[in-house]
Amino acid sequence: MREGSKYQPLLEFLRGSNQNEIILSFAEIEALMNDTLPDSAKEKRAWWSNRTKGALQASAWMEAGYRVEDVDLIEQRVTFCKPSSNYQVKRKGDTVLWNGVLIKALRRHMGMTQAEFAEKLGVYQQTVSQWEKGAYEPTRATSKYLTLVAQQAGFKPINGD
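To start, this report covers the structure provided alongside it. (Residues numbered from 1 in each chain as written. Predicted model: local features only at pLDDT ≥ 70, side-chain atom pairs only at ≥ 80, totals over all residues. Heavy atoms only, no water.)

When helices and strands are tallied, the protein shows nine helices and five strands. Tracing the protein from N to C terminus, the helices and strands come up as α-β-α-α-α-β-β-β-β-α-α-α-α-α. Taken along its principal axes, the extent of the C-alpha atoms in the protein is 55 × 30 × 25 Å. Counting across all 161 residues of the protein, residues that qualify as buried make up 39%. Taking the intrachain contacts of the protein between residues at least 6 apart in sequence as the baseline, contacts between residues at least 24 apart amount to 54%. Separation between the mean location of the 22 positive side-chain charges and that of the 19 negative ones in the protein comes to 7 Å. (Helix = DSSP H or I, 4+ residues; strand = E, 2+ residues; numbered from the N terminus. Buried < 20%, exposed > 50% of the residue type's maximum accessible area, 1.4 Å probe, protein only. Contact = heavy atoms within 4.5 Å. Lys, Arg positive; Asp, Glu negative; His and termini not counted. Charge placed at Lys NZ, Arg CZ, Asp CG, Glu CD.)

For the rest of this paragraph, the subject is the pairing of strand 3 (residues 77-81). Counting buried residues along strand 3, four of its five residues qualify, which places the element largely inside the surrounding structure. Note: strand 1 (residues 21-25) against strand 3, five bridges, orientation antiparallel. Bridge assignment links E21 to a residue of strand 3, and that residue is C81. Where strand 2 (residues 67-72) and strand 3 come together, five bridges link them in antiparallel fashion. Within strand 3, the position partnered with D70 by the bridge is T79. (Pairing = 2+ DSSP bridges.)

Below, the discussion takes up helix 6 (residues 114-121). Buried residues of helix 6: Q114, F117, A118 and L121, and no others. All buried residues of helix 6 lie within an arc of 100 degrees about the axis, which places them on one face of the element. The elements touched by buried residues of helix 6 are helix 5 (100-109), helix 7 (125-133) and helix 8 (140-152). Two residues or fewer past helix 6, G122 is found with a positive phi of approximately 75 degrees. (Arc of directions from axis to C-beta.)

For the rest of this paragraph, the subject is the sheet that holds strand 1. Pairing in this open sheet of three strands is antiparallel, and the strands run 1-3-2 from one edge to the other. Only two strands of the sheet have a single neighbouring strand rather than two, namely strand 1 and strand 2. Across the sheet, the axes of successive neighbouring strands diverge by a mean angle of 20 degrees, strand direction being ignored. (Axes fitted to C-alpha atoms, helices over the stretch in contact; angles between N-to-C directions.)

Another point: the packing of helix 6 against helix 7. Taken N-terminus to C-terminus, the directions of helix 6 and helix 7 make an angle of 110 degrees; their axes are 8 Å apart at the nearest point. Here helix 7 runs roughly perpendicular to helix 6, going by the angle between their axes. From helix 6, Q114, A115, F117, A118 and L121 reach across to helix 7, where they touch Q125, V128, S129, W131 and E132. Tallied by class, residues from the contact of helix 6 with helix 7 come to six nonpolar, three polar and one charged. (Parallel < 35°, antiparallel > 145°, perpendicular 65-115°, else oblique. Nonpolar A, V, L, I, M, F, W, Y, C, P; charged D, E, K, R; others polar.)

Counting 23 residues, the largest nonpolar core has I29, L37, W48, W61 and F80 as the members making the most contacts within it. Looking at this core, the elements with two or more residues in it are helix 1 (8-15), strand 1, helix 2 (26-33), helix 4 (56-63), strand 2 and strand 3. Among the nonpolar cores identified, the runner-up in size contains 15 residues, and L102, A105, L106 and V149 belong to it. (Core = buried A, V, L, I, M, F, W, Y, C linked by side-chain atoms within 4.5 Å.)

With that settled, the discussion passes to the packing of aromatic side chains. Taken as a whole, this structure holds six aromatic pairs when the rule is applied. For the pair F26 and W48, a centre-to-centre distance of 5.3 Å together with 15 degrees between the ring planes defines the contact as stacked. Remark: W48 occurs in the loop between helix 3 (39-43) and helix 4 and F26 occurs in helix 2; sequence separation between them is 22 residues. Across the pair, exposure class does not vary: F26 and W48 are buried alike. (Phe/Tyr/Trp six-rings, centres within 6.5 Å; stacked < 30°, edge-to-face > 60°.)

Read these as geometric descriptors, not functional statements.
Here you go:
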């Protein structure tokens, strides 16, 4: 991120935090920046995407080691999360037993919302949410597909690098 960016104070704030999850209102972010967020930040979820090119705002949170996990445009809140990197991968034979933590980690690794991840897997967003909350676990067939998706995405816990 270039010095003097209006998002620099957000970077500094996040960098100084040791929390794994931080929820900030748009007003709190504007107070940090001592500036207003653009209308697109308040109206379009895409403004908050975790992209690596061409978005100064995304550079701010990503350089600080965070990703946007959720955006609530109605409540005007954004949830920043630090991706964890140590996961317990359990297997039964050659099948990975996917749990909520591992599914959420893969989704975050891929930089996707629950809805985008669900679409990729051919399931409902609510299904992904329930997996991540631990309400239930994916079927064996879905687990095999999740493993394939994880391998294609270069997800280290599965590939073992």
